[in-house]
Each structure stands twice: as structure tokens, then as C-alpha cells.
Amino acid sequence: MKFYKNLYIGTTIDNPSKVKRKLRYHAKQLKIYVIMLSLGDDQLEICHSMLLGQPYYKKKENAPYVIGIAGNYDEALELVCKITEESVEKNGNADLKRYLFPET
């Protein structure tokens, strides 16, 4: 599992380093949602942290790239909106992958 260098963190997350550690070790966190980079044509995906405990995500080649963590689904949506607004302000478009990774 990889984490974005400027990880977006929701306001309800009290201890981000603890949440990250638990995500790395696939510990169960019932109130955590993850914003991750989509492997397909979509740009970002929101999923419940429990989904990352599936055997698929435990394989190194399928490890998710986490862009943000949130305490609930609504907060995750707010973070995606924030990322989109920042992208539009900076680049004039909603190409989130290009905004998050301008060097590629």
C-alpha cells in the first residue's frame, strides 16, 4: 500500500499515523473510508477500509495508492470535491490524476 505524499485527511481523523498503520496491516477500522487512485479510466475511487482486507489488495501488484482518508463517506466526498476544486483552480480542468501527479 502506498500513500500520497500530501495525503488528504478528513477533519474527523484524530490520529492519521495510527490510521495509516492500521491500513498497512489490514486491521479492521469500521469508520474509515479511503480515497484511492483508480487503476482504470476513472480518476479516484472511494471505498470502505474493510474492502482493503480482501486478498486481492494484499498482493503487491494490486496494492492501492491512497490519496486520502476520511471518517465517513460524506467526508470522503467532501475531500474529492476539495481535490477537484484545487485542480480546476490550478489547471483549469478536472484531470485529477494530472493534478496530483504533475511530473508524469
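Residues numbered from 1 in each chain as written. Predicted model: local features only at pLDDT ≥ 70, side-chain atom pairs only at ≥ 80, totals over all residues. Heavy atoms only, no water.

Draft legend 1. Focus on the nonpolar core. With 14 residues, the main nonpolar core has Tyr4, Tyr8, Ile35, Leu44, Ile67, Ile83 and Leu100 as its most contacted residues. Ranked by residues supplied to this core, first place goes to helix H3 (residues 73–91) with four residues. For Leu100, the contacting residues outside a window of four places in its chain are Tyr4, Tyr8, Leu44, Ile67 and Ile83. Listed in part, the 13 residues of the second largest apolar core include Leu7, Val19, Met36 and Ile69. (Core = buried A, V, L, I, M, F, W, Y, C linked by side-chain atoms within 4.5 Å. Buried < 20%, exposed > 50% of the residue type's maximum accessible area, 1.4 Å probe, protein only. Helix = DSSP H or I, 4+ residues; strand = E, 2+ residues; numbered from the N terminus. Contact = heavy atoms within 4.5 Å.)

Draft legend 2. Examining the packing of aromatic side chains more closely. Inspection of the entire model under this criterion finds five aromatic pairs. Measuring from ring centre to ring centre gives 6.4 Å for Tyr4 and Tyr8, while their planes differ by 5°; the resulting arrangement is stacked. Judged by relative accessible area, Tyr8 falls into the buried class, the value being 10%. An aromatic cluster is defined as three or more aromatic residues linked by ring pairs; in this entry it consists of Tyr4, Tyr8, Tyr65 and Phe101. Residue placement shows Lys20 over the ring face of Phe3; its charged tip is 5.2 Å from the ring centre. (Phe/Tyr/Trp six-rings, centres within 6.5 Å; stacked < 30°, edge-to-face > 60°. Lys NZ or Arg CZ within 6 Å of the ring centre and 35° of its normal.)

Draft legend 3. Structural detail: the sheet that holds strand E4 (residues 65–70). Taking strand neighbours across the sheet as the criterion, the four strands line up as E1-E4-E2-E3 in an open arrangement whose pairing is mixed. Of all the strands in the sheet, the pair left with one neighbour each is strand E1 (2–9) and strand E3 (44–48). Shown here is a sheet whose adjacent strand axes are inclined to one another by a mean of 30°, direction ignored. Alignment of E1 against E4, held across four bridges, turns out to be parallel. What sits directly across from Ile9, in E4, is Ile69. This element, helix H1 (residues 16–24), spans E1, strand E2 (33–37) and E4 of the sheet and lies at about 145° to E1. In the packing of H3 onto the sheet, contacts are made with E1, E2, E3 and E4, and the angle to E3 comes to roughly 165°. (Pairing = 2+ DSSP bridges. Axes fitted to C-alpha atoms, helices over the stretch in contact; angles between N-to-C directions.)

Draft legend 4. Here's a closer look at H3. If you check H3, its first and last C-alpha atoms are 27 Å apart, about what 19 residues at 1.5 Å a residue would give, namely 27 Å. Along H3, the residues that are buried comprise Glu75, Ala76, Leu79, Val80, Ile83 and Ser87. End-on, the buried residues of H3 take up no more than an arc of 145°, which puts them together on one face. Exposed residues pointing more than 90 degrees away from the buried face of H3 are listed as Asp74, Glu78, Glu85 and Glu89. (Expected span 1.5 Å × (residues − 1). Arc of directions from axis to C-beta.)

Draft legend 5. Summary view of the side chain of Ser87. For Ser87, the location among the structural elements is in helix H3. Discounting residues that sit within four places of it in the chain, Ser87 has contacts with Gly92, Asn93, Ala94, Asp95, Leu96 and Tyr99.

Draft legend 6. Quick look at the side chain of Asn62. Within the element layout of this structure, Asn62 appears in the loop between helix H2 (55–58) and E4. Here Asn62 falls in the buried class, since its relative accessible area comes to 13%. Only 3.1 Å separates the side chain of Asn62 from the backbone oxygen of Tyr56, close enough to count as a polar contact. For Asn62, the contacting residues outside a window of four places in its chain are Tyr56 and Tyr57. (Polar contact = N/O pair within 3.5 Å; in protein donor to acceptor, adjacent residues only side chain to side chain.)

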